[in-house]
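Breakdown of the fold
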Amino acid sequence: MEDKPTFLTRPYLPPLEDFLPYLAEIWESRLLTNGGPFHQQFEEKLRHYLGVGHVSLFASGTLALMTALQALRITGEVITTPYTFAATTHALLWNGIKPVFVDIRRDTCNLDEELVEAAITPRTTAILPVHCYGNPCASERLQQIADTYGLKLIYDAAHAFGVTVDGSSLLAQGDLAMLSFHATKVFNTFEGGAIVCHDLKLKQRIDYLKNFGFADEVTVVAPGINGKMNEFQAALGLLQLEHADRAIAARMAIDRRYRQALATVAGVECLAVATRVKRNGGYFPLLIGAEYPLSRDQLYDRLRQQQIHVRRYFFPLISDLPMYRGIPSAAPANLPVATSIARQILCLPIYPDLDLPTVDRIIDIVSSPQ
Ligand SMILES: *Cc1c(COP(=O)(O)O)cnc(C)c1O
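Residues numbered from 1 in each chain as written. Predicted model: local features only at pLDDT ≥ 70, side-chain atom pairs only at ≥ 80, totals over all residues. Heavy atoms only, no water.

This part takes up the site of the ligand. Around the ligand, the structure places 16 residues, and the nearest of them are Gly61, Thr62, Asp156, Ser180 and Lys185. One of the side-chain N or O atoms of Thr62 is found 2.6 Å from an oxygen atom in the ligand. At a separation of 3.2 Å, an oxygen atom of the ligand approaches a polar side-chain atom of Lys185. If the ligand stood free it would expose 380 Å²; the protein chains cover 94% of that surface. Looking at the shell around the ligand, the elements with two or more residues in it are helix H3 (61-71), helix H4 (86-94) and strand E8 (176-180). Class assignment for the residues of the shell around the ligand results in 5 nonpolar, 9 polar and 2 charged. (Near = heavy atom within 4 Å. Polar contact = N/O pair within 3.5 Å; in protein donor to acceptor, adjacent residues only side chain to side chain. Areas by Shrake-Rupley, 256 points an atom, 1.4 Å probe, with all protein chains shown as cover. Helix = DSSP H or I, 4+ residues; strand = E, 2+ residues; numbered from the N terminus. Nonpolar A, V, L, I, M, F, W, Y, C, P; charged D, E, K, R; others polar.)

Further remarks concern the sheet that holds strand E15 (residues 345-348). Strands sit in the order E12-E14-E15 across an open sheet of 3 strands; the sheet is antiparallel. Two strands close off the open sheet at either side, each with one partner strand: strand E12 (268-270) and E15. Here the average twist between neighbouring strands, direction ignored, is 35 degrees. Bridge count between strand E14 (residues 284-288) and E15: 4 bridges; the pairing is antiparallel. Pairing of Phe284 across the sheet is with Leu348, part of E15. Sitting on the sheet, helix H8 (residues 296-305) is in contact with E14 and E15, with an inclination near 25 degrees to E15. (Pairing = 2+ DSSP bridges. Axes fitted to C-alpha atoms, helices over the stretch in contact; angles between N-to-C directions. Contact = heavy atoms within 4.5 Å.)

What follows covers H8. Residues of H8 that are buried include every one of Arg296, Leu299, Tyr300 and Leu303, and no others. Each buried residue of H8 lies within a common arc of 105 degrees when the element is viewed along its axis, so the set occupies one face. In the core, the buried residues of H8 are packed alongside E14, helix H9 (336-344), E15 and helix H10 (356-367). Phi turns positive one or two residues past the end of H8, at Gln307, with a value near 70 degrees. (Buried < 20%, exposed > 50% of the residue type's maximum accessible area, 1.4 Å probe, protein only. Arc of directions from axis to C-beta.)

What follows deals with the packing of H3 against H4. For any two helices packed against each other, the geometry is given by the interaxial angle and the distance between the axes. The interhelical angle for the contact between H3 and H4, taken along N-to-C directions, is 45 degrees, at an axis separation of 9 Å. One element, H3, and the other, H4, form an angle in the oblique class. Pair H3 / H4 crosses with right-handed handedness. Where H3 approaches H4, its residues Thr62, Leu65, Met66 and Leu69 are matched on the opposing element by Ala87, Thr88, Ala91, Leu92 and Trp94. (Parallel < 35°, antiparallel > 145°, perpendicular 65-115°, else oblique. Left-handed = near helix turned anticlockwise from the far one by under 90°.)

In terms of domains, the protein is made up of domain 1 (16-239) and domain 2 (244-367). For domain 1 and domain 2, the distance between their C-alpha centroids amounts to 25 Å. Carbon and sulfur atoms make up 61% of the area that domain 1 and domain 2 hide from each other, which totals about 3,200 Å². For the domain 1 face of the interface with domain 2, the top three residues by lost area are Phe101, Arg106 and Tyr133, together amounting to 23%. Across the contact surface, domain 1 and domain 2 share 2 salt bridges. Inspection of the domain 1/domain 2 interface yields 16 residue pairs in polar contact (both at pLDDT 80 or more). (Domains from an automatic or database assignment. Buried area = accessible area lost by both parts, 1.4 Å probe. Salt bridge = Lys/Arg side-chain N within 4 Å of Asp/Glu carboxyl O.)

In C-alpha cells:
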C-alpha cells in the first residue's frame, strides 16, 4: 500500500471484454478508417452527449487545433495565453502565425480578458484562449471583444470535456472549440480529438481539410492534412461514452475530498470554483504560497519520494520555451501573474480508480509538512 506508485493521472479504460465485439466487427468489415460506421456513430453520439451543434472527429487534439486555424483562415497574429500545454501555441507556429501572449487571471488561470484589447494590432485575426483545468473563460466578454474588433474566437477546450455553465456546454462558445481525447484526458480514445462548431458549412470545410481537402474522388478543394480519426479510436470512443458520467463522478468525489481536507491548511490554496459550473474533475491544481513551510519544489520532491507522481502543470510557461521567448510579449514582465502561478502550481493525482485511502495519504503528506 505505502509503496504503490500513484500517477498524476491514469487512463480510464472500459473492461476489455466489452471492447472485443467492436474489434471483431472492424476485423470482419475491413472498414478501418475514412469515416466508417463507428466514426459516424461516435460523432453523432458525442454530439448528443455534449449537447453541441456539430462535431468533427480527429486523430489528435493537436491536429484538430491546426485544422481549426486553417478552417477559419487565421493568419498574422493571434492573442493567446502562456499558461497552457505546448500544443496550443505550437499549432500557431505550424500555421505561420505569431502568438501574442497576454497574462492570465489568478482566480481561473485563464487569459485575462481585460488585457486582451491592449494587445490587439492591425495584424490580429483571432483570440485563442484555453479553458485551463476546465475552468470557464470569461466567454461573454471575450465574444464581445471579438465582435467589436472583427476577430475569430477559437477555444482550446482540451480540458473541458463535459463541462457545462448554467446547464449549457462550454464547448458551444466561440466560433469553434477543440477537444483532446489523449490518454491523459478526462475522456480518452488512446489518442484523439475533435472540433465543435455551430455551422454546417464550417463543419463541411473542416471535414474536407482533415481528409487532404477531398470533396469527392476527383475534387480537391483545399490543401488539407490527414487528421482523420480511425475506426479503432471511434469504436473505443463509443464504448467510453457509456462510462463517461461514472468516470467524471469518481473524479469529482476525489476533488471534494481534497478540497474539504486541504481548505484549512495554511499556505495551500485550492482554486475557487464557480457555482454555475458543472466540472469534470480533470485536474486538482493547488497553489503553494509563501506561508507554507516548504517551497513548491520541496513539496513536489517529498511527494515524489513517496511514489506520488505529482506534476507542476503548467511549468515552465510556454513563453519561456526557446522557440517563444524572443517574442516581445513573452517577456516575464508582461506576464507577472502567469510567472507567479507557474512557480506555485502543483497538480495532485486525480483519476477514476485512485482509491480514497491513497487520497487520504496524499492529504496527510500535504497537510503535515513539518
Ligand atoms: C492535451 C492538450 C492539447 C493537445 O491535445 P492532443 O490530443 O494531445 O494532441 C492541447 N491543449 C491542451 C491545453 C492540452 O492539455
